[in-house]
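Below are the chains, spelled out letter by letter.
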Amino acid sequence: MEVILRNLTKKFPSRDRKNHDDVIAVNDFNFTIPDGKLIGLLGSSGCGKSTTLNLISGLLKPTGGQIFFGEDDVTNLPPENRGIGLVFQNYALYPHLTVKKNIMFPLQNLKGKDKLSKEEMLKKVYEAAKLVQIEELMDRKPGELSGGQQQRVAIARALVKMPRVLLLDEPLSNLDARLRLQTREEIRRIQRETRITTIFVTHDQEEAMSISDMIVVMKEGVVQQIGKPQEVYDSPVNLFVAKFLGTPPINVFDGEVRNHKLYIGEDAVLEIKGIADQKVYVGIRPEGFILKEDGPLSCNLSGVEVMGRDISVVSTNKASLNPTVRAIVGTENKVSIGEVCVRFALKPSKVHIFNRETEEKLEFETLA
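Residues numbered from 1 in each chain as written. Predicted model: local features only at pLDDT ≥ 70, side-chain atom pairs only at ≥ 80, totals over all residues. Heavy atoms only, no water.

Moving on, we get to the side chain of Thr52. With respect to the secondary-structure elements, Thr52 resides in helix α1 (residues 49–57). Since its relative accessible area comes to 1%, Thr52 is described here as buried. The residues touching Thr52, leaving out its near neighbours within four places in the chain, are Leu5, Val26, Phe29, Leu41 and Met218. (Helix = DSSP H or I, 4+ residues; strand = E, 2+ residues; numbered from the N terminus. Buried < 20%, exposed > 50% of the residue type's maximum accessible area, 1.4 Å probe, protein only. Contact = heavy atoms within 4.5 Å.)

Set out below in structure tokens:
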């Protein structure tokens, strides 16, 4: 099911006695979610991602704009008539009902031509349970299940009606790290098997990037960038997106373009063309550093962290806006803890330059 958001806006009345302007939670959101894809809505707390999800579900009414499921305008349609499945962060299972009855509950509320016989309901319940691999838990109650198992029950309950659109609101936040990894893989598997258009809300960028076909990065109700996860990571449109995506985060420096050279402090780190002389911000991904004795960028070594497959070289630089500069290099590199200075060459594809005023990305080419 294709989902179209057209100029979608949501305002809430201000509770500030001094400032009576409305709070804009979602601001003129335009996006077409392709049929059968998994889309990640990504952003920090308060960016409007959950509000957007609640607008799509019908739990909130938009202040402006329209929502279409395919060719159907569902903007003013009640949630129960939209054909959605909704999974909450806190599972929202009925504690007194068994797993089987929890999953069956949405089917028992069907009326008229959609009403099912008990045999038909049981068939659908067991099909949903099989999909999320909880067939052996059907007679247990939620209190007897782990967090991951409860989340699977919640997903099965959302899927049992085979909704037109599946909405997941931070479904993994209450799980430990290993369960989060396992459950997000399960969500991706289920989505691929069912081909249900799915919208996944999270503040965890690694989570969104790992399972989404496309991600939407939001800030203060405004969409910053939409694209495939790797494309957004490799080519952020502004400094906010660059800083939000990536673990460890991107290293940001005060820089300057002067006479076709990019400077960080007094170090001329790259020869470039396409950007006029100006002060800029320079973002370098941790994997964008190359340890080199005569490298152009000089930093003061703070420490070395061995991570098995990689080494994290931690240093400082006067021009850095981060407390430390973190470079990820291969284990074949040898760094002596006793060294005072460490020097780097840079991978141009991992270097991003941003306008100092607007923080928008500036495109450039390197000179041979």
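Attention now moves to the nonpolar core. A general trend in soluble globular proteins is that nonpolar side chains are found buried together. Core analysis: the largest hydrophobic core is formed by 35 residues, its most contacted members being Ile103, Ile134, Leu159 and Ile187. For this core, the secondary-structure elements that each account for two or more residues are α2 (99–108), α3 (118–131), α4 (147–159), β7 (165–169) and α5 (177–194). Here this core gets 6 residues from one element, more than from any other, and that element is α4. Setting aside residues no more than four positions away along its own chain, Ile103 makes contact with Val125, Ala128, Ala129, Ile134, Met138, Val153, Ala156, Arg157 and Val160. By size, the runner-up hydrophobic cluster in this structure holds 30 residues, among which are Val257, Val313, Ile353 and Phe364. (Core = buried A, V, L, I, M, F, W, Y, C linked by side-chain atoms within 4.5 Å.)

One ladder, built from 5 bridges, connects strand β1 (residues 3–12) with strand β4 (residues 64–69); its direction is antiparallel. From the neighbouring strand, Val3 faces β4, where its bridge partner is Phe69. By the bridge criterion, 2 bridges tie β4 to strand β5 (residues 72–73) in an arrangement that is antiparallel. Paired with Phe69 across the bridge in β5 is Asp72. What sits between β4 and β5 in their antiparallel hairpin is a turn of 2 residues, with Gly70 showing a positive phi close to 65°. (Pairing = 2+ DSSP bridges.)

What follows covers the sheet that holds strand β3 (residues 38–42). A sheet is described by the order of its strands in space; here 6 strands give the open sequence β6-β7-β8-β3-β9-β10, paired in mixed fashion. At either end of the open sheet lies a strand with only one pairing partner, and these are β6 (84–87) and β10 (222–227). Within the sheet, the average angular offset between the axes of one strand and its neighbour, ignoring direction, is 15°. One ladder, built from 5 bridges, connects β3 with strand β8 (residues 197–202); its direction is parallel. Looking across to β8, one finds that Leu42 is bridged to Thr202. Contacting β6 and β7, α4 crosses the sheet at an angle of about 170° to β6. (Axes fitted to C-alpha atoms, helices over the stretch in contact; angles between N-to-C directions.)

Before going further, it helps to spend a moment on α5. In this model, α5 (18 residues) spans 26 Å end to end at C-alpha, consistent with the 26 Å of a helix rising 1.5 Å per residue. Every buried residue belonging to α5 is among Thr183, Arg184, Glu186, Ile187, Arg188, Ile190, Gln191 and Thr194, and all of these are buried. On its buried face, α5 sits against β3, α3, α4, β7, β8 and α6 (205–211). Looking one or two residues beyond α5, the residue adopting positive phi is Arg195, at roughly 60°. (Expected span 1.5 Å × (residues − 1).)

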